[in-house]
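A structural walkthrough
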Amino acid sequence: MEAIRTDRLTKSYGKARGITELELSVGEGEFFGFIGPNGAGKSTTIRTLLGLIRPTSGSARVLGRDIVKENQAILRQTGYLPSEAVFHPGMRVGEILKFSADLRRRDCAAEAKRLCERLRLDPAAKADELSFGNRKKVGIVCALQSEPPLLILDEPTGGLDPLMQREFFDILRERSAKGATVFLSSHILSEVQRNCTRAAVIREGKIIACGSVEDLAKSSARRVSVLGRVDLSGLEGIRDLKEGDGTASFLYSGDMSRLLSRLAEGDVRDLSVSEPDLEEIFLHYYGKEDGLS
Amino acid sequence: MTVVRHELRQGRLSFLIWTGAIGFLLSVCIFLFPEMKGEMDGVGELFSSMGSFTAAFGMDKISFGTLIGYYAIECGNVLGLGGAFFAALCAADVLAKEEKDRTAEFLLTHPVSRGRVVTEKLIAVFLQITALNLVIYALSLGSMALIGEEIPWGEVNLLHLAYYILQLELSGICFGISAFLRKGSAGIGLGIAAITYFLNLIANITESAGFLSYVTPFGYCGGADIVSSGSLDGVKVAVGVLIGAAGIAAAYGKYLKKDIR
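Residues numbered from 1 in each chain as written. Chains lettered and ligands numbered in written order. Predicted model: local features only at pLDDT ≥ 70, side-chain atom pairs only at ≥ 80, totals over all residues. Heavy atoms only, no water.

1. Some remarks on the overall build of chain B
When helices and strands are tallied, chain B shows 12 helices and zero strands. Sequence-ordered secondary structure for chain B, helices as α and strands as β, is α-α-α-α-α-α-α-α-α-α-α-α. Rg of the C-alpha trace for chain B: 20 Å, near the compact-globule value of 18 Å for 261 residues, within the 12% margin. Principal-axis analysis of the C-alpha atoms gives chain B an extent of 65 × 45 × 25 Å. Burial statistics for chain B: of 261 residues in total, 51% are counted as buried. (Helix = DSSP H or I, 4+ residues; strand = E, 2+ residues; numbered from the N terminus. Rg over C-alpha atoms; globule rule 2.2 N^0.38 Å. Buried < 20%, exposed > 50% of the residue type's maximum accessible area, 1.4 Å probe, protein only.)

Listed below in structure tokens is the structure:
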């Protein structure tokens, strides 16, 4: 069974774009990355899957259940971490965790205690006084304490220091090893590349690429770095061109023989052609840098 | 009842402040009565000859010199307006605050249906209003006993019942509005309470605007009418209950399908 399956899922906000005919498939037990810059439609997709907003058209199933008709059954088996964790005022961390568990009608005290220890979170602390990162930790414990089979995490590492990020991903890998599906939305490509097995790239509300992280990285595009002089004008398939003092570096997805001809015509003293990392692939798909942080 | 408990805890401070303030003012009013009683003969004549002002507060129908007359006018305004403000504020904020404070995402991504959220929040509002009225009722009766006056049980009970129904109606209206709002709920709630209060004053002053007393919940809370007739106006109460119920129905209709931002 697929953990998440969308079929032409669309959400429009009048003139504003939401998501358009989204086709997405996440297998059970996968560690799946959902990549896109801010405003691409990642959160809209997640909020639609969780029933916070209703789809304009199309359909989706989560854990085999319809997102509109069987929303409660989905939420019972899903732990969700929003990009910005906001809690009711005047509550202590422990009270928030208990409230979250009570809403699930579960006793999660033991798991909550374990997670708080691992994430160095004080249950007696007042949530209103916590830093952004510590509020994020509260959100993480809320999402994980009931040990749900599906975890949907929206920009989960924002505000966490590198050590905490490592601990957090260790916990996620443990959950994944036990069979949980992890759906991780992020604009930080390196964390998707390090942790996810498959990923989808969303751009302006549409999925523009989906596959294994390895395959995505094996795009036809190559990072070409040239030391010397070469005339690249008119050559199609060049992106992210950076020219400096006798050097040029660019992503190339055009006809390789034409590039080689140009290089042969120029004065090339050194040449490097390498497989780009996911960040560069991302640039390749977007064709611009403005979505990246 | 997790959401009910949560709401009661969240609204604890506001409840204590409003209950304390209304209870204190009401008790002070009652404790002033023995001193005022002796001066009421002259004052009563003065109050009953002030034209529109007299009619607006119903002072032409009851005597200020009796405990129930004094209580219906003076204390009625304190409880009527204070209780209405509390009920409106409480109900107008209860659904809207989740989006305003951005806590809706946390609450509604737990396995708790929107219907259950709406129902439990409504129960929490009604419980707070009921608790406030019980405390105020007990304080009023206690204060009357302390000043050594005979308690006019029938009239006092009717007055408190009327204000309780008023608060439930206003809370129903504001609860409905709350489902449509994302911010500004407090101002709208207080505004509705104030407007309905002044609509009733206008209805009392101007005969041609008398129909307004069927629209505003204060229409069936006129202390002078209740004391002089010994009953509540059933038609006005029924209209009020229907309006309140319509507000609650609107809340369910909207919130169950609303996009949460």
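Right, picking up where we left off after that structure.
2. A look at the overall build of chain A
Of the regular secondary structure elements, chain A holds 10 helices and 14 strands. With respect to the three principal axes, the spread of C-alpha positions in chain A is 70 × 40 × 35 Å. Expressed as a percentage of the 293 residues in chain A, the buried residues total 52%. Contacts spanning at least 24 positions in sequence make up 70% of the contacts within chain A whose residues lie at least 6 apart. Accessible surface for chain A amounts to roughly 13300 Å². Of this, 45% is attributable to carbon and sulfur atoms. (Contact = heavy atoms within 4.5 Å. Areas by Shrake-Rupley, 256 points an atom, 1.4 Å probe, with all protein chains shown as cover.)

3. Section: the sheet that holds strand β13 (residues 247-252) of chain A
Residue and element names in this part refer to chain A. Taken in spatial order, the four strands make up an open sheet running β12-β13-β11-β14, and their pairing is antiparallel. Where the open sheet ends on each side, the last strands, each with one partner, are β12 (238-243) and β14 (267-274). If you compare each strand with its neighbour and ignore which way they point, the axes differ by 15° on average. Across four bridges, β12 lies against β13 in antiparallel orientation. Counted as the bridge partner of arginine 239 is leucine 251 from β13. (Pairing = 2+ DSSP bridges. Axes fitted to C-alpha atoms, helices over the stretch in contact; angles between N-to-C directions.)

4. Here's the deal with helix α6 (residues 162-177) of chain A
Residues and elements named next belong to chain A. The end-to-end C-alpha separation of α6 is 22 Å, in line with the 22 Å expected for 16 residues at 1.5 Å each. Elements in contact with the buried residues of α6: β3 (31-35), α4 (109-119), α5 (132-144), β7 (150-154), β8 (181-186) and α7 (189-195). Residue glycine 179 follows α6 closely and has a positive phi angle near 110°. (Expected span 1.5 Å × (residues − 1).)

5. What to know about the interface of chain A and chain B
In this assembly, 27 residues from chain A lie in contact with 27 residues from chain B. At the boundary of chain A with chain B, total buried surface from both sides reaches about 2600 Å², with 56% on carbon and sulfur atoms. Per-residue buried area on chain A facing chain B is highest for Leu52(A), His88(A) and Leu103(A); these three make up 26% of the total on that side. Joining chain A to chain B, the criterion identifies three salt bridges. A salt bridge links Glu84(A) to Arg102(B), with the shortest nitrogen-to-oxygen separation between them at 3.3 Å. (Buried area = accessible area lost by both parts, 1.4 Å probe. Salt bridge = Lys/Arg side-chain N within 4 Å of Asp/Glu carboxyl O.)

6. Observations concerning the domain arrangement of chain A
The domain architecture assigned to chain A consists of domain 1 (2-212) and domain 2 (222-275). Placing a centre on the C-alpha atoms of domain 1 of chain A and another on those of domain 2 of chain A gives a separation of 41 Å. (Domains from an automatic or database assignment.)

7. Section: the pairing of strand β10 (residues 206-212) of chain A
Residues and elements named next belong to chain A. In the sheet, strand β9 (residues 198-203) pairs with β10 via six bridges, with the strands oriented antiparallel. Paired with valine 201 across the two strands is alanine 209, which belongs to β10. With antiparallel pairing between neighbouring strands as the criterion, β9 and β10 make up a hairpin whose turn holds two residues, including glutamate 204 at a positive phi of roughly 45°.

8. A word on the state of the cysteines
Per the counting criterion, the structure on display carries zero disulfides over all chains. In this model Cys142(A) remains outside any disulfide bridge; the closest cysteine sulfur is found in Cys116(A), 9.0 Å from its own. No disulfide involves Cys174(B); its nearest neighbouring cysteine sulfur is the one of Cys90(B), lying 10 Å away. (Disulfide = S-S within 2.5 Å.)

9. Here we look at the confidence of the model for chain B
Considering every residue of chain B, the mean pLDDT works out to 90; 92% of them sit at 70 or more. In the model output, the complex is listed with pTM 0.86 alongside ipTM 0.86. (pLDDT = per-residue confidence, 0-100.)

10. What to know about the packing of aromatic side chains
All names here are of chain B. Overall, the coordinates contain 11 aromatic pairs over all chains when judged by the stated rule. Residues phenylalanine 33 and tyrosine 70 carry aromatic rings whose centres are separated by 5.1 Å and whose planes lie at 45° to one another, so their mutual orientation is tilted. Residue phenylalanine 33 is located in helix α2 (residues 12-37), and its partner tyrosine 70 is located in helix α5 (residues 67-100); the two are separated by 37 residues in the primary sequence. The exposure classification of phenylalanine 33 matches that of tyrosine 70, with both residues buried. The ring of tyrosine 214 carries lysine 236 above its face, with NZ or CZ at 5.2 Å from the centroid. (Phe/Tyr/Trp six-rings, centres within 6.5 Å; stacked < 30°, edge-to-face > 60°. Lys NZ or Arg CZ within 6 Å of the ring centre and 35° of its normal.)

11. Section: the nonpolar core
Of all hydrophobic cores here, the largest spans 114 residues; its most connected members are Val138(A) and Leu172(A). In terms of residues, this core owes the most to one element, α5(B), which gives 18 residues. Here Val138(A) is in contact with Phe87(A), Val93(A), Ile96(A), Leu97(A), Leu121(A) and Leu130(A), once residues within four sequence places are set aside. Counting 25 residues, the second largest nonpolar core, distinct from the first, contains Ile19(A), Leu22(A), Val26(A) and Ile74(A). (Core = buried A, V, L, I, M, F, W, Y, C linked by side-chain atoms within 4.5 Å.)

12. A look at the side chain of Ser146(A)
Secondary-structure assignment places Ser146(A) in the loop between α5 and β7. Apart from residues no more than four positions distant in its own chain, Ser146(A) is found in contact with Arg104(A), Arg106(A) and Cys108(A).

13. Topic: the pairing of strand β4 (residues 57-62) of chain A
Residues and elements named next belong to chain A. Relative to β4, strand β1 (residues 2-13) runs antiparallel, the two sharing five bridges. Bridge pairing links aspartate 7 to serine 59 in β4. Linking β4 back to strand β5 (residues 65-66) in an antiparallel pair, the connection comprises two residues, with leucine 63 at a positive phi of about 50°.

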